[in-house]
Amino acid sequence: MSPNLALNQQVAERRAAGEDILHLGFGESRLPAFEPLVRSLITGSARNAYGPVQGDAGTRAAVAGYFTRRRLPTGPDQVVVAPGSKPLLMALNLVLPGDVVIPRPAWNTYAPQAALAGRRAVPVPIPAEAGGVPDPAALRRTLDAERRAGRDPRTVILTLPDNPTGTLAPPSLIREICEIAERECLTVVSDEIYRDVVHDPATPFLSPCEVVPHRTVVTSGLSKSLALGGWRIGVARFPDDGPGRVLRDDVLSVASEVWSTLAAPMQEVTSYAFSEPPELRAHLAASARLHGAVARAVHGLLTEAGAVCRPPTGGFYVYPDFEPIRPVLAAKGVVDSPSLARHLLDSAGLAVLAGHLLGDDTGALRFKAATSMLYGDTPALQWEALRSEEPLTLPHVAAGLSRIQDGLRRLVS
Ligand SMILES: Cc1ncc(COP(=O)(O)O)c(C=O)c1O
């Protein structure tokens, strides 16, 4: 089972046994469904027929408009919609040739999907500035070594912004990776599911698709930006050329045998959401502000406790490294990523996802915490957090933050 889902189960069991646990280990946006989305779902609910595998023309036109407004001119034929971006990423794994380069650490599904598809995953460490991309120098070295060993790396996956580090790789890094991809003939799979969760709208976002459009497939969806994980809506954008059309058709042939089509009512939701009317944009902006405020607050607590941690700029995660206080932790028997996560759970009731479960070194003292879990357990509390000018001062958010602070103080005292 995927480690985040396994942790969920463990937390549920321990809670059922009476333990009080603050669950920071699951990558869910934790915001309620926006009312107009619910209304489009109701409107679409009478649509009970199978639709085209690729998605309805109107739905794909809305998604094409979304990409076009982001400096990626797109026609509806370049778009595929599906029940989540996870199946689209899996289909890409099944049809793309060769080995796949994955940043280390990365979202915990990339490597298992590659393995399921019979592809070798080649982890390359992320640079100091940001996650979601391999360090360019390490990428060059790894590709050379792989080729010398007779292996065949042909794809690189990027996550922009990144899960687990909650950071967005700057344009300069994207350009460097694209240069390497061009020289080495790599297909770039750019997972941009957190694109609309960049905290500050002024942060520059460069998609590899703007630099090497002929070799980039972009995936995205509504699970994160609009907290619709349970509705399962994902999209992919393919290059507008011969090889791009072949790749799209290969993905469609997998789709036709596995999921057939995105559920028809969800196509109604997709059309509405990707057309981005003003009320939806305002909702997205408020969500991104909340994600940023809470992630920065947790980042402050982690650095105060002695961790180094890249400042979060997108998504709803932080990824601290407790290496600077290794001796303090060693005195408590915390010597690696499994013991760090276990200690936080057992001694402070804080559930986090240990770094090694994301492909990181087991010996490192790192974990991922999903800060969105602090918005509240009920839609009413979550709406309150979303609408507040000062969400950190709300009693339930403040209580979660002080619980983290207490747990960290105990860890490092
Ligand atoms: C980086 C990343 N990509 C893709 C997904 C999958 O999202 P979905 O299948 O809900 O579209 C997730 C969800 O956790 C994610 O974090």
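Residues numbered from 1 in each chain as written. Predicted model: local features only at pLDDT ≥ 70, side-chain atom pairs only at ≥ 80, totals over all residues. Heavy atoms only, no water.

Engineer: Help me get a handle on the sheet that holds strand β12 (residues 367-370), residues and values and all.
Structural biologist: Strand order in the open sheet made by the 3 strands is β9-β12-β11, with antiparallel pairing throughout. Both outer strands of the open sheet, β9 (317-318) and β11 (353-354), are each paired with one neighbouring strand and no more. Of the strand pairs in this sheet, β9 and β12 are connected by 2 bridges, and their pairing is antiparallel. Note on β12: the bridge partner recorded for valine 318 is alanine 369. (Pairing = 2+ DSSP bridges. Helix = DSSP H or I, 4+ residues; strand = E, 2+ residues; numbered from the N terminus.)

Engineer: Any details on the pattern of salt bridges? Residues and values, ideally.
Structural biologist: Any two side chains of opposite charge can pair if their charged atoms end up close together. The full count for this structure, using the stated rule, is 28 salt bridges. Arginine 30 serves as the salt-bridge partner of glutamate 28, at 3.3 Å between the closest nitrogen and oxygen. With a relative accessible area of 36%, glutamate 28 lands in the partly exposed category. Overall, arginine 30 belongs to the partly exposed group, its relative accessible area being 24%. Between arginine 60 and aspartate 77 there is a salt bridge; the shortest N-O distance is 3.8 Å. Within this pair, whereas arginine 60 is found in helix α3 (residues 57-68), its partner aspartate 77 is found in the loop between α3 and β2 (79-82), the two being separated by 17 residues in sequence. Since its relative accessible area comes to 10%, arginine 60 is described here as buried. Among the ionic contacts, a cluster of salt bridges with common partners joins Arg69, Arg70, Asp196 and Glu276. (Salt bridge = Lys/Arg side-chain N within 4 Å of Asp/Glu carboxyl O. Buried < 20%, exposed > 50% of the residue type's maximum accessible area, 1.4 Å probe, protein only.)

Engineer: Could you give an account of helix α15 (residues 395-412), with specific residues and numbers?
Structural biologist: Between its first and last C-alpha atoms α15 spans 26 Å; for 18 residues at 1.5 Å apiece the expected length is 26 Å, and the two agree. What α15 keeps buried is the set His396, Val397, Gly400, Leu401, Ile404, Gly407, Leu408 and Leu411. Down the axis of α15, the sector holding all buried residues measures 140°, keeping them to one side. Those residues of α15 that are buried lie in contact with β1 (22-23), α11 (278-304), α12 (326-330), α13 (337-348), β10 (350-351) and α14 (379-387). (Expected span 1.5 Å × (residues − 1). Arc of directions from axis to C-beta. Contact = heavy atoms within 4.5 Å.)

Engineer: So, the sheet that holds strand β7 (residues 216-221): which residues are in play, and what are the values?
Structural biologist: Read across the sheet, 7 strands follow the order β2-β8-β7-β6-β5-β3-β4 without closing on themselves; strand pairing throughout is mixed. Edge positions in the sheet fall to β2 and β4 (121-125), since each has one partner strand and no second. Strand after strand, the sheet turns through a mean of 20° between neighbouring axes, direction not considered. (Axes fitted to C-alpha atoms, helices over the stretch in contact; angles between N-to-C directions.)

Engineer: Summarise the packing of aromatic side chains; cite the residues concerned and give the values.
Structural biologist: The way to describe two aromatic rings as a pair is by their centre distance and the angle between their planes. Across all of its chains, the model carries 7 aromatic pairs by this definition. On the basis of an interplanar angle of 80° and a centroid distance of 5.0 Å, the ring pair of tyrosine 66 and phenylalanine 274 is categorised as edge-to-face. With tyrosine 66 in helix α3 and phenylalanine 274 in helix α10 (residues 264-274), this residue pair connects regions lying 208 residues apart in the sequence. The class of phenylalanine 274 is buried, set by a relative accessible area of 2%. Between tyrosine 194 and phenylalanine 316, the ring centres sit 5.7 Å apart and the planes meet at 70°, which makes this aromatic pair edge-to-face. Placement of the pair is tyrosine 194 in the loop between β6 (187-191) and α8 (208-211) and phenylalanine 316 in the loop between α11 and β9, with a sequence separation of 122 residues. With relative accessibility at 3%, the residue tyrosine 194 sits in the buried group. (Phe/Tyr/Trp six-rings, centres within 6.5 Å; stacked < 30°, edge-to-face > 60°.)

Engineer: I'd love a proper account of the domain arrangement of the protein chain, names of residues and values included.
Structural biologist: Segmenting the protein chain into domains produces domain 1 (3-30 + 279-412) and domain 2 (35-275). For domain 1 versus domain 2, the distance between C-alpha centres works out to 26 Å. Contact residues are listed per partner, giving 30 residues for domain 1 and 32 residues for domain 2. Among the residues domain 1 hides against domain 2, the three largest losses belong to Leu280, Arg310 and Thr313. Together they make up 25% of the total. At the junction of domain 1 and domain 2, the tally comes to 1 salt bridge. Between arginine 104 and aspartate 361 there is a salt bridge, with its nearest N and O atoms 2.8 Å apart. Summed over the shared surface of domain 1 and domain 2, the number is 16 residue pairs in polar contact (both at pLDDT 80 or more). Breaking the side of domain 1 that touches domain 2 down by element, the ones donating at least two residues are α1 (3-16), α11 and β9. (Domains from an automatic or database assignment. Buried area = accessible area lost by both parts, 1.4 Å probe. Polar contact = N/O pair within 3.5 Å; in protein donor to acceptor, adjacent residues only side chain to side chain.)

Engineer: For the environment of proline 239, give the residues involved together with the corresponding values.
Structural biologist: With respect to the helices and strands, proline 239 occurs in the loop between β8 (234-237) and α9 (242-258). A relative accessible area of 5% places proline 239 in the buried class. In this structure the C-alpha to C-alpha distance between proline 239 and leucine 386, which are 147 residues apart in sequence, comes to 37 Å. Not counting the four nearest positions on each side in its chain, proline 239 is found in contact with Gln78, Pro213, His214, Thr216, Val217, Gly244 and Arg245.

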